[in-house]
Amino acid sequence: VIDSCSMEMLAQPARSRLGALCFLLTTAYGQFLRGGDTKVVVPIPHGRHVALSCKGAALHLQLVPVHGRPALDTPMIDPSVPQETCHEVHSSAERGVSTSAGSLTVNHLGELQIRAKGGLLVTSSLPISSDHDLVLKHHKGRLLGGGADSPGGMSLSTSKVNPHVGNTAVYSPYYYSEDGYSMLCAVEHSDVNRYPANYELKDYGDTKNVHWSFTGLWDCYVMPAATLKAGTEAYYTLTGRPPVPPRYAFGFIASRWGWTDRVYIEDTLQRFRDGKYPLDGIIIDFEWFTNETDYGYPPGEGKPYYKDFGFNPVLFPEPDYQLADYRLRYNVHVSGIRKPRIGNTNLIKELDEKGWFLPNCEPGGRSPPEYPGYACGRNLNYALPEVRNWYSDSIKPLLDAGMSFWWNDEGETDFFTFHWWNLAEKMAQAKTLPEHRFFSLNRAFSPGMSRLGATVWTGDVTADWSWLLHTPGTMLNWILAGAPIVSCDTGGFVGQTTADLLIRWLQVACFMPVMRVHSEKPVTPHFPFLWPKASDTIREILELRYRLLPFHYSLAHSQRATGNLWIRPLAMDYPETPEVRDVTTQWMDGSILVAPVLKENSTHDVVLPPGLWYRFDRAIKLSQQAKSLAVGKALEEQEMLTIRSTGKVLKNLFVPLKEVPCYVRPGTIIPTSPVVQHSGDIGRFPLEVFILGGQDGTFALVEDDGWSTRYMQGYFAVTSLQWSDGRKTLFWQKSGSAEQGFVQIMAYFISVEGTVQKSAIKDFSEAGSISFPAQARSTEEVFQ
């Protein structure tokens, strides 16, 4: 009967009463075959079937053969995605499934319907008439979240995406449509660094459609969501929210290519400490484990003396002692570069015989990549479990010696190489330090990778103002595409930077999730003491980074717990403000609107959504002056602290080199630390809370031990900070406990009138309050 129905639907799908009856019968049959699972299988006219099911709140779409098939196995989807009830949807015309997010149905013509919660139609598809195409109608707005390349990144719109990973470019098989849904698609296989699940927003006369094209079998996950914020949260729930990195990752990391020997390492660390330049980590390039690069090796060949897993005795004659000494004496964590390939002749032969290498090369150059590339015939296939297990055993001695984290480079040998490679590294850490948090830096990413603890940097960028200009936009696009923790080669990797460019780039990096400098071998490293005319300004930037550490650390906890992005485009917070719709040179860092200078002439264009704003960068500098104030007295600032914006774009505003403009709304609470030299000193001095008056406000301060995964089992403290503007009082209430938490507190209150007051230092007990007396002085500037 079922076979007869399939033939009838193929013959006259639209007009046949029997076709409609068959539609109901075969759908029920598909449901029956799967017992208790809510999975609806519906025949469609071109001779195949659509299967609809649920993955958490996401709606799962498959094109399947008549005998069915399982979901495609993809690392993009979190295997522990929270499950929820999946309901069958049925009517005389449609069959499908629904969750709390909405529903996905298909009719007997093969047309999909995506509906929001409550039943409002979001969009529909054209009839599915091909094994390799899916066309969705597009009614309004843009597609966002597809990724970007570093030389671009000046728009949030991603209307045409061919997913791939590359040096300075990542594009994902995902978008959020301003029609009101998110969509992620998976296919059977990648093609080297490309992933053939392409989409394009195309014009069809007076209408627009999103045209997906696939190679091989495909699955798609649909998430109805009314806003970019909701759609991105749903995406990260499906692919996995990022864990909280170790506390040292929130400080400053110094990297370069060209560390010469042990004396150079230790002299560098001492100069950071002597100059009082805060530091938490260093990263060493090729030279930490070998005395030559492998770029010139012939395909499939290595050198007999090349050591893939060891320490270069010139830099590390006593690795165990040195790494422990650097941690204890300098409070510095050490990382080394890793490559996804093998360079030793005998090891290449052994692993090749086991079939453990990819047939692919590493694509050359930057975006767009050059094929076939280099290092051919010796790139490990980390998708194989036996390779991951072997690799984890091979790097375990390096972790035993004291290496803290990994810097993974040139892993664009497959779309998912970085994912499987990080999984192998995480396995090694579980064997060595099972309670420690896993952290790595990677040159590219694929969706879902961040749930491992893997972060990303934007690739081998050039030391040039044009590349700085594109950095914030690349960061924002990558965050929307699936990498919530992004960093960059601050100052530029390729070429010699300048003092002014380095300062401006550091100002940007101060408000990125990870702050790290890097440079190639022949240029001046981006270490502050090597730039004497800029060193004092660089120190101030690093000090600001460490003052913000409690704020940033709490935002990372919130990101994991709620899915709310820590760093995000202004369009996410202000969707009704058209002036910020496509802004990529400003961003939200929690509640701070960052508007740095990205031009050599020290000017910038800035737009603030309408209303009252504070210049937070000026307020935090004033706190240094306010330290000498008697309690109850007010510091009357000469510069304007408050700005009232009309929402218009202001162009070519001059900003002194030492300033990085950042703004906050009335009612904002920002917990900070006094200046410290490393993250291990967080909590030793009183917590300093900044309160920007004019409205009530709240903030959740999160503290834990800073290094272990025990926070995932509830071992952390949350302090609810609440500001009552009417009473001019900060209240707090603690729950939980933290091994490294603040024990004292003080506050700075900045009023709408532009005055700054400080409180006395108080015990940071389980509950308490700080009050401020009334002051009056008007220093408001109108920002037209």
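It should be emphasised that the depicted structure is a prediction, and the values quoted were computed from it without experimental measurement.

**With respect to the overall build of the protein**
Helix and strand counts for the protein stand at 14 helices and 48 strands. For 784 residues, the compact-globule estimate of 2.2 N^0.38 gives 28 Å, and the C-alpha radius of gyration of the protein, at 28 Å, lies within 12% of that figure. With the principal axes as the frame, the protein shows a C-alpha extent of 90 × 70 × 50 Å. Within the protein, residue pairs in contact and separated by at least 24 positions form 71% of the contacts whose partners lie at least 6 positions apart. A total of about 28,100 Å² of accessible surface is found on the protein, and carbon and sulfur atoms cover 53% of it. Each charge class in the protein was averaged separately, 72 positive and 82 negative side chains, and the resulting centres sit 3 Å apart.

**What about the confidence of the model for the protein?**
Averaged over all residues, the pLDDT of the protein is 92; the fraction at 70 or higher stands at 92%. Confidence drops under pLDDT 50 across residues 1–36; counting only partners more than four residues distant or on other chains, this segment forms 52 contacts. Overall, residues 776–784 carries pLDDT values under 50, and its contacts beyond four positions in sequence, including any with other chains, amount to 35 contacts.

**Observations regarding the side chain of S392**
As for its placement among the helices and strands, S392 is situated in helix α7 (residues 385–401). Ignoring sequence-local partners within four residues, the contact set of S392 consists of A424, M427, A428 and K431.

**Some thoughts on the packing of helix α3 (residues 228–239) against helix α9 (residues 465–481)**
Taken N-terminus to C-terminus, the directions of α3 and α9 make an angle of 60°; their axes are 9 Å apart at the nearest point. In this view, α3 runs oblique relative to α9, as classed from their interaxial angle. Residue-level contacts link L228, T232, Y235 and Y236 of α3 to I479, L480 and A481 of α9. A per-class count over the contact of α3 with α9 returns six nonpolar, one polar and no charged.

**A look at the sheet that holds strand β43 (residues 729–736)**
Strands sit in the order β41-β42-β43-β47 across an open sheet of four strands; the sheet is antiparallel. The open sheet has two edge strands with one neighbour each: β41 (697–703) and β47 (767–771). Looking at each pair of strands side by side, their axes are set apart by 20° on average, direction ignored. With five bridges joining them, β43 and β47 adopt antiparallel strand pairing. Considered in β47, the bridge of W732 is made with G768.

**Focus: the environment of T537**
One can find T537 in helix α11 (residues 535–547). In the structure, T537 is positioned 410 residues away from P127 in sequence and 61 Å away in space, judged by C-alpha atoms. Sequence-distant contacts of T537, that is, excluding residues within four places in its chain, are made with I503 and K658.

**Brief notes about the sheet that holds strand β11 (residues 147–149)**
If you trace the three strands from one edge of the open sheet to the other, you get β11-β14-β13, paired in antiparallel fashion. Taken across any chain shown, the strands that pair with only one partner, and hence form the sheet edges, are β11 and β13 (164–166). The average angle at which neighbouring strand axes cross in this sheet is 20°, direction not considered. Here three bridges tie β11 to strand β14 (residues 169–171), and the two strands are oriented antiparallel to one another. Bridge pairing in β14 links A148 to V170. The strands touched by α9 within the sheet are β11 and β14, with β11 carrying the most contacts at an inclination of about 150°.

**Quick word on the packing of aromatic side chains**
Across all of its chains, the model carries 51 aromatic pairs by this definition. Here the guanidinium or amino end of R516 rests over the ring plane of W457, the centre of that ring lying 5.3 Å away. It is K734 that lies over the ring of F764; its NZ or CZ is 4.0 Å from the centre.

**Considering the state of the cysteines**
This structure, assessed with the given rule, holds three disulfides. The disulfide that involves C54 links it to C86, with 1.9 Å between the sulfurs. Classification of the bridge connecting C54 and C86 rests on its S-S torsion, roughly 60°, and on that basis the disulfide is right-handed. Of this pair, C54 sits in strand β2 (residues 49–55) while C86 sits in the loop between β3 (58–64) and β4 (87–90); the two residues are 32 residues apart in sequence, bridging distant segments of the chain. The two residues C54 and C86 agree in class, both being buried. The disulfide bridge from C185 ends at C220, spanning 2.1 Å between sulfur atoms. Since a negative S-S torsion denotes a left-handed disulfide, the C185-C220 link at about 105° is right-handed. In this pair, C185 is assigned in strand β16 (residues 181–187) and C220 in strand β19 (residues 218–224), connecting sequence segments 35 residues apart. As far as the burial class goes, C185 and C220 line up, both buried. The thiol of C510 is unpaired, and the distance to the nearest cysteine sulfur, on C662, comes to 8.2 Å.

**Observations regarding the pairing of strand β44 (residues 744–750)**
For β44, the buried fraction is high: six of the seven residues fall into the buried class. In this sheet, β44 lies alongside strand β40 (residues 687–692) in parallel orientation, the contact comprising six bridges. By the bridge assignment for β44, L692 is matched with I750. Here β44 pairs with strand β46 (residues 762–763) via two bridges, running antiparallel. Bridge pairing in β46 places I745 opposite K762. Across three bridges, β44 lies against strand β45 (residues 755–758) in antiparallel orientation. Residue pairing across strands places I750 opposite V756, the latter belonging to β45.

**Here we look at the environment of T417**
Inspection of the secondary structure puts T417 in helix α8 (residues 417–432). Sequence separation between T417 and A383 is 34 residues; the distance between their C-alpha atoms is 7.3 Å. Those residues in contact with T417 that sit more than four places away from it in its chain are P340, L358, Y382 and G411.

Parameters at a glance
The written sequence of each chain sets the order in which its residues are numbered from 1. For a predicted model such as this one, the threshold for reporting local features is a pLDDT of at least 70, and the threshold for listing and counting side-chain atom pairs is 80 or more; totals across whole chains, interfaces and linings nevertheless cover every residue. Derived side-chain values reflect all non-hydrogen atoms in the structure, with water molecules and hydrogen atoms excluded from consideration. Starting at the N terminus, helices and strands are each numbered in turn, a helix being any DSSP run of H or I of at least four residues and a strand any DSSP run of E of at least two. All radius of gyration figures rest on C-alpha atoms, and the globule criterion is 2.2 Å times the number of residues raised to 0.38. Residue contacts are counted whenever heavy atoms from the two residues lie within 4.5 Å of one another. Per-residue and other accessible areas follow the Shrake-Rupley method at a 1.4 Å probe size, with only the shown protein chains counted as cover for residues. For the purpose of charge, His is not counted, nor are the chain termini; Lys and Arg are scored as positive and Asp and Glu as negative. To locate a charge, take NZ of a lysine, CZ of an arginine, CG of an aspartate or CD of a glutamate. Every residue is assigned a pLDDT by the predictor, reflecting its confidence on a scale from 0 to 100. For helices, the fitted line uses only the C-alpha atoms of the stretch in contact; every axis is such a line through C-alpha atoms, and the angle between N-to-C directions lies from 0 to 180 degrees. Roughly parallel covers angles under 35 degrees, roughly antiparallel covers those over 145, roughly perpendicular covers 65 to 115, and oblique covers all other angles. Charged means Asp, Glu, Lys or Arg here, nonpolar means Ala, Val, Leu, Ile, Met, Phe, Trp, Tyr, Cys or Pro, and polar covers whatever is left, Gly included. Note on pairing: two strands pair once DSSP finds at least 2 bridges between them. Two rings belonging to Phe, Tyr or Trp (six-membered ring only in the last case) form a pair when the distance between their centres is within 6.5 Å. Interplanar angles under 30 degrees mark stacking, angles over 60 mark edge-to-face geometry, and anything in between is tilted. By the criterion adopted, a ring carries a charge over it if an Arg CZ or a Lys NZ lies within 6 Å of its centre and within 35 degrees of its normal. Only a pair of cysteine sulfur atoms within 2.5 Å qualifies as a disulfide here. Only protein chains enter the accessibility calculation, which uses a 1.4 Å probe; a residue is then buried when its area is under 20% of its type maximum, exposed when over 50%, and partly exposed in between.

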